[in-house]
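Residues per chain are reported as follows:
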Amino acid sequence: MKNKTALVIGLLLCSWMLKAQDIGSTLPSFRELSTPENGLLIIDFFATTCSNCIAAIPKLNKLQQQYPDRLKIVLVSEESKERVSTFFARNEFAKGNRLPLITDDTTLSGYFKHQTLPHVVWVKENRVVAITDGEFIQQSYIQDVLEGNIPAMPVKNDYPAFDYSKPLNINLDQQANYSVLQGYREGASLKYGRDSMTSQRSIREYMINVPVTAAFLYAQMATRKLPYMKQTRMIFENVPKERFIRQQKDLPMALWERKYAISYESVLPDSLSEQERMKVIMADLNLKLGLHMRIENRSIPCWVVDSAVTPVIAFSPDSTWSKTRLSDFLFQLDISSPDSPPVINKVDGDKQVWVRKWKDLEGLKEIMRLNGLRLTETDEVTEVLVIGKAN
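Residues numbered from 1 in each chain as written. Predicted model: local features only at pLDDT ≥ 70, side-chain atom pairs only at ≥ 80, totals over all residues. Heavy atoms only, no water.

By the burial criterion, the buried members of helix α3 (residues 57-66) are I57, L60, N61, L63 and Q64. Along the long axis of α3, the arc covered by the buried residues comes to 160 degrees, so they all point the same way. In this structure, α3 carries K62 and Q65 as exposed residues pointing more than 90 degrees from its buried face. Packing partners of the buried residues in α3 comprise β1 (40-45), α2 (51-55), β2 (71-76), α4 (81-90) and α6 (139-146). (Buried < 20%, exposed > 50% of the residue type's maximum accessible area, 1.4 Å probe, protein only. Helix = DSSP H or I, 4+ residues; strand = E, 2+ residues; numbered from the N terminus. Arc of directions from axis to C-beta. Contact = heavy atoms within 4.5 Å.)

Put into structure tokens, the structure is as follows:
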């Protein structure tokens, strides 16, 4: 009897947890999650390892101060209280936090299941009105929800049921080679894939919900080695930049993707090599999109790192310093600074260097100098992605 009771409770709990993720479902009573009267409760799931989560904490505190009586933002983490407290005490973004904090969580994260962070649940009048990523926590969206005008916020679903094995266009003759270009597909995540169609002696290549530039570069990198193609390595000729790179920083990426991301598939003979297939795909993308995307050598502003003429300065690094390979450090520098010029490494060999955090370009130059290196801001001929209209 005891086992049967436990089973019934377990089944009820599972049913309760599944329904809770639906928009419009009622939030059960949690002591820590009281909703302000006629107000809005925002549950923000985070982790100390999520840089975007931590960087947003000052903004969240400011929003809470703007709506002291009608808004309640609660931070929730599955990590231990000790770990979170220690991290918050030391981190420059988190140490001033005044928001309620729930640690050691298993209940809420089970109730609102997710795989990626931040994961944000919006609750008004004890009902879930939205489930989003962190970029939607803005004054304009909060104000709309408080006024009863729930804005169009795509539901963040980390468990999509999209079947990537099915062709994008089921009306086409699947026995023939073909290609299809469509827009954003709801219910799917960003994904690149390849299926071998043995019976047709064909290969299906597909890209779902990807930016145009990412689609082209994915194909291009199968044909040649490229440097990290950040946005400062892209040149736009008579085309709107917003179509390819989000320019409105207050526009959540989820909305930008639904407007500009593409879904594409191509079925080609398996007698073609991967490089041959990808060259066909690049040409097809340009044709279908009315573009002329290509890799060229152009002179653009760069950060050039080379060996300094002056001798290495002797110094004793303290605990704020760590040692790493120069190539790893410069690659991380390139990808972590999307708006900075591309980094060009002209140092012979791959030496070990001492590194630490820096606040500005001068601080970065000082790190280079202490390692016997020099960082110069100069124009350099390097590979870029040029995007223009088709002729």
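Within this structure, the stated rule accounts for one disulfide. Put simply, C50 and C53 are joined by a disulfide, and their sulfur atoms are 2.2 Å apart. Around the S-S axis, the bridge from C50 to C53 shows a dihedral of about 80 degrees and counts as right-handed. For the pair shown, C50 and C53 are each scored as buried. (Disulfide = S-S within 2.5 Å.)

Turning next to the layout of surface pockets. Reported here for the second largest pocket is a volume of approximately 840 Å³. If you go around the second largest pocket, you meet 26 residues; those closest to its centre are P211, T213, Y228, Q231 and M234. Going through the elements one at a time, α7 (212-220) and α8 (253-260) are the ones with two or more residues in the lining of the second largest pocket. Counting residues per element, the lining of the second largest pocket draws most heavily on α7, at four residues. Here the lining of the second largest pocket is composed, by residue class, of 17 nonpolar, four polar and five charged. (1 Å grid on protein atoms, 1.4 Å probe; cavity = no way out; pocket = protein on both sides within 12 Å on 5 of 7 lines; lining within 4 Å. Points joined across faces, edges and corners; volume = space filled by probe spheres on them. Nonpolar A, V, L, I, M, F, W, Y, C, P; charged D, E, K, R; others polar.)

In total, this model carries 22 salt bridges according to the counting rule given. With its nearest N and O atoms 2.9 Å apart, the salt bridge here joins E296 to R294. On the basis of relative accessible area, R294 is assigned to the buried category, the value being 16%. Note that D350 is salt-bridged to R325, the shortest N-O span being 3.0 Å. Placement of D350 in the loop between β13 (343-345) and β14 (352-355) and of R325 in strand β12 (residues 322-325) is noted, with a sequence separation of 25 residues between them. If you follow the salt bridges from partner to partner, you end up with R194, E205, E274 and R277 in one network. (Salt bridge = Lys/Arg side-chain N within 4 Å of Asp/Glu carboxyl O.)

Keep in mind these values describe shape, not function.
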